[in-house]
Amino acid sequence: MAGDQELKLLGLWGSPFVMRARIALNLKGVGYEFLEEVLGTKSELLLKSNPVYKKIPVLIHNGKPICESMIIVQYIDEVWATAGPSILPSDPYDRAIARFWAVYIDDKLFPSLRKIVLANADDEETAEAADQVIAGLQLLEEAFEKFSKGKDFFGGESVGCIDIALGCYVGWIKAAEKMAGVKLLDKEKLPLLMGWAERFCSADAVKEFDARGRQAGRARQGASSQAECCCHQMKVFSFKKAVLVA
Amino acid sequence: MMASLAPPSNPSRNLVTNPRTKAPFQIAKTHPISDLLLPFRSIHTQLKLSTGTTSEKRLTTAQAVSERVEEGTTMAQGGENVKLLGAWASPFVIRTRIALNLKGVDYEFLEEVFGVKSELLLESNPVYKKIPVLIHDGKPVCESMIIVQYIDEVWATKAPAILPADPYDRALHRFWAYYVDDKLFPSVSAISRAQTEEAKAEAMEQVFAGLKLLEEAFQKCSKGKGFFGGDTIGYVDIALGCILAWLKATENMTGIKFFDEAKTPLLAQWVERFCANDAVRGVMPETDKMVEFAKMLQAKFKAAASAK
């Protein structure tokens with residue numbers, strides 16, 4: 001089905017938002033062409049496909065562009081509904097909860113994380129941002145307990161909407177910890193999320209494209225080397241003051 | 001909020017007096033919300049003391065919920081119980097009311113008191129503590145456009161569909177609704193918050209640029225029909241249309257014309273069509289009421305600013 005359809009993804013390695021789209025495509029087993037943007041520039045195709053925001057990721061399906069990472073994820077889930085696991089739950093209430101946490105993650109968690117990683121914040125601002133991240137993760141720890149129902153992921157047996165929304169930030173969280181010297185994913189305070197993060201990073205749909213700097217089969221190393229690559233990317237990002245994320 | 005509805009343990013079940021009839025009644029033990037009602041009695045008493053009388057018009061959340069506890073035993077069984085926590089002036093609440101009206105769903109509107117957050121709101125939306133919150137059979141749903149999608153999915157068999165059927169069209173509608181919240185509404189707020197003429201002009205420019213984009217979006221989404229959703233009100237109509245009362249009030253107060261026939265002809269016509277629609281008319285506040293409310297808000301902000 002995907003074979004006779006033209007599917008391109010405009011993105012950038014290191015962007016958590018692009019990662020979301022790639023994980024979703026991997027979950028569905030869908031082949032696509034990954035068109036990597038050059039950091040600091042915006043290609044003609046990007047400007048044409050996302051004239052409103054001019055940001056990645058953009059999924060181009062048979063010439064039609066879809067923008068905004070979580071909108072792309074839902075699109076993938078709907079178009080390839082019969083392939084792979086469902087990304088969003090089937091029950092309307094559960095779907096509403098999944099969407100809620102995805103909104104929360106981008107609305108509250110991301111800005112604080114970004115402040116730590118990208119901005120030249122002073123110690124007080126960094127500490128404040130770190131507190132906000134920890135408070136947010138605490139809420140998500142509770143949400144995980146309810147939503148996972150004892151299974152491996154927020155989505156239950158398989159990676160789902162919240163896993164994708166939050167999981168793309170694991171690299172950033174680890175990078176932030178290194179750069180700011182602050183513990184965000186604390187094993188004692190957030191035991192469930194710690195376990196989840198490991199499982200998420202090891203999941204087939206996630207580790208598959210995280211090949212750079214990773215030795216095959218060493219998922220743990222994959223996650224930390226991803227973080228280190230992420231750190232480097234972050235430094236480049238902040239140096240060029242170009243954040244190509246959507 | 002899924003966790004917060006797990007009722008706190010209350011070993012003693014106090015009898016609550018119905019404030020209207022003064023007769024005591026037992027709170028239904030089976031209803032998840034029932035455990036939240038115990039603090040209401042004191043809130044209600046406080047309100048009554050502060051206002052003198054409990055006017056019929058200003059139906060507080062506490063009173064509204066407690067008055068219906070008599071039906072408590074039937075709440076958890078059968079039938080659909082739909083409550084909406086909100087406020088008449090909030091565009092986000094208006095979104096959800098339009099969606100419920102489109103689907104012909106009966107619901108109880110529990111109006112929050114301005115400036116006060118009810119216990120029910122804090123329990124139902126502990127993360128954001130904001131309206132609207134839809135409470136369906138005791139389970140809360142938060143965030144206006146998430147509520148709209150929820151309504152569309154739960155009452156999927158009731159026409160019209162709010163989101164289109166085609167996945168690409170759905171993605172397009174979601175995108176524009178996101179744009180409205182992300183870019184357009186903040187620009188609109190920036191106009192009223194602007195301290196200088198320069199800031200005001202800049203905010204206005206952004207609004208007009210946004211409306212121009214939405215004019216093009218309308219052309220794409222409507223496919224020649226009357227709404228973003230086509231023949232009937234859809235997702236983007238709801239996302240954008242909810243703010244029309246506020247915009248009309250702003251036009252009234254500032255002389256700005258947001259929807260110019262010359263600049264955005266499609267949107268200008270859509271505005272009238274949208275406001276006249278059955279699902280919208282009853283919940284779209286009248287312009288003079290909005291103006292009054294806006295002036296009250298401005299006075300409040302000024303007072304707060306000068307107090308600092």
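The model shown is predicted, which means the values in this text are computed figures rather than measured ones.

(A) The packing of helix α4 (residues 92–117) of chain A against helix α6 (residues 144–154) of chain B, seen in detail. The contact between α4 of chain A and α6 of chain B brings their axes to 9 Å, and the two run at 165 degrees. Judged by the inter-axis angle, α4 of chain A sits roughly antiparallel to α6 of chain B. The two elements α4 of chain A and α6 of chain B meet at a crossing, and its hand is right-handed. Touching Pro92, Tyr93, Arg95, Ala96, Arg99, Phe100 and Val103 of chain A of α4 of chain A are Ile146, Gln149, Tyr150, Glu153 and Val154 of chain B, all from α6 of chain B. For the contact of α4 of chain A with α6 of chain B, the residue count by class is eight nonpolar, one polar and three charged.

(B) Structural context of the confidence of the model for chain B. Residue and element names in this part refer to chain B. Looking at chain B as a whole, its pLDDT mean stands at 81, while 74% of the residues score no less than 70. This stretch, residues 1–20, has a pLDDT under 50; its non-local contacts, to residues over four places away or in other chains, come to 52 contacts. With a pTM of 0.81, the predicted complex shows an ipTM of 0.88.

(C) Structural detail: the domain arrangement of chain B. Residue and element names in this part refer to chain B. Once the domains are mapped, chain B shows domain 1 (80–159) and domain 2 (162–307). Taken together, the 18 residues of domain 1 in the interface contact 24 residues of domain 2. Surface buried jointly by domain 1 and domain 2 totals about 2000 Å² across both partners, of which 74% is contributed by carbon and sulfur atoms. Run the count over domain 1 and domain 2 and you get one salt bridge. Across the salt bridge formed by Asp181 and Arg95, the nearest N and O atoms sit 2.9 Å from each other. For the interface between domain 1 and domain 2, the tally reads seven residue pairs in polar contact (both at pLDDT 80 or more). Contributing elements (two or more residues each) for the side of domain 1 that touches domain 2: α4 (91–102) and α6. Of the residues assigned to the side of domain 1 that touches domain 2, the class counts are twelve nonpolar, two polar and four charged.

(D) Examining the confidence of the model for chain A more closely. Of all residues in chain A, 81% have pLDDT values of 70 or greater, and the mean over the chain is 85. Confidence drops under a pLDDT of 50 for residues 239–246 of chain A, and excluding neighbours within four residues, the segment shows 26 contacts in the predicted structure.

(E) Seen up close, the side chain of Glu177 of chain A. All names here are of chain A. For Glu177, the position within the fold is in helix α7 (residues 170–180). Residue classification places Glu177 among the buried residues on the basis of a relative accessible area of 16%. Side-chain polar atoms of Glu177 contact the backbone nitrogen of Leu184, separated by 2.8 Å. When sequence neighbours within four positions are dropped, the list of residues in contact with Glu177 reads Val182, Lys183, Leu184 and Leu185.

(F) Layout of the UniProt feature "domain: GST N-terminal" (unreviewed entry) in chain B. In the numbering used here, UniProt assigns the "domain: GST N-terminal" (unreviewed entry) feature to residues 80–159 of chain B. Between the first and last C-alpha atoms of residues 80–159 of chain B the distance is 18 Å; the span itself is 36% helix and 21% strand.

(G) Region of interest: helix α5 (residues 123–148) of chain A. Residues and elements named next belong to chain A. End to end, α5 covers 36 Å across 26 residues, agreeing with the expected 38 Å (1.5 Å per residue, within 8%). What α5 keeps buried is the set Thr126, Ala129, Ala130, Val133, Gly136, Leu137, Leu140, Glu141, Ala143, Phe144, Phe147 and Ser148. Once α5 ends, the next one or two residues include Lys149, with phi positive near 50 degrees.

(H) Looking closely at the UniProt feature "domain: GST N-terminal" (unreviewed entry) in chain A. Feature annotation in UniProt places "domain: GST N-terminal" (unreviewed entry) on residues 5–84 of chain A, given in this structure's numbering. Its end C-alpha atoms 18 Å apart, residues 5–84 of chain A is made of 36% helix and 21% strand.

(I) Up close: the pairing of strand β3 (residues 58–61) of chain A. Residue and element names in this part refer to chain A. Going residue by residue along β3, you find Val58 and Ile60 tucked away on one face and Leu59 and His61 tucked away on the opposite face as well. Taken together, the four bridges between strand β1 (residues 7–11) and β3 define a ladder with antiparallel strand orientation. Opposite Leu7, over in β3, you have His61 as the bridge partner. Pairing of β3 with strand β4 (residues 64–67) involves four bridges; the strand directions are antiparallel. Across the sheet, residue His61 finds its bridge partner in β4, namely Lys64.

(J) View of the side chain of Thr264 of chain B. Structurally, Thr264 of chain B is set in the loop between α10 (244–254) and α11 (265–276). Once you skip the residues sitting within four places of it in the chain, Thr264 of chain B turns out to touch Leu211, Lys212, Glu215, Phe258 and Phe259 of chain B.

(K) The arrangement of the sheet that holds strand β6 (residues 139–142) of chain B in detail. Residues and elements named next belong to chain B. Spatially, the four strands line up as an open sheet ordered β4-β3-β5-β6, and their pairing is mixed. Only two strands of the sheet have a single partner each, and these edge strands are β4 (108–111) and β6. When strand polarity is set aside, the average angle formed by the axes of neighbouring strands in this sheet is 25 degrees. Bridge count for strand β5 (residues 133–136) against β6 is four bridges, and the pairing is antiparallel. By the bridge assignment for β6, His136 is matched with Lys139.

About the cut-offs
Residues numbered from 1 in each chain as written. Chains lettered and ligands numbered in written order. Predicted model: local features only at pLDDT ≥ 70, side-chain atom pairs only at ≥ 80, totals over all residues. Heavy atoms only, no water. Axes fitted to C-alpha atoms, helices over the stretch in contact; angles between N-to-C directions. Helix = DSSP H or I, 4+ residues; strand = E, 2+ residues; numbered from the N terminus. Parallel < 35°, antiparallel > 145°, perpendicular 65-115°, else oblique. Left-handed = near helix turned anticlockwise from the far one by under 90°. Contact = heavy atoms within 4.5 Å. Nonpolar A, V, L, I, M, F, W, Y, C, P; charged D, E, K, R; others polar. pLDDT = per-residue confidence, 0-100. Domains from an automatic or database assignment. Buried area = accessible area lost by both parts, 1.4 Å probe. Salt bridge = Lys/Arg side-chain N within 4 Å of Asp/Glu carboxyl O. Polar contact = N/O pair within 3.5 Å; in protein donor to acceptor, adjacent residues only side chain to side chain. Buried < 20%, exposed > 50% of the residue type's maximum accessible area, 1.4 Å probe, protein only. UniProt positions renumbered as here; feature names shortened; annotations may be inferred. Expected span 1.5 Å × (residues − 1). Pairing = 2+ DSSP bridges.

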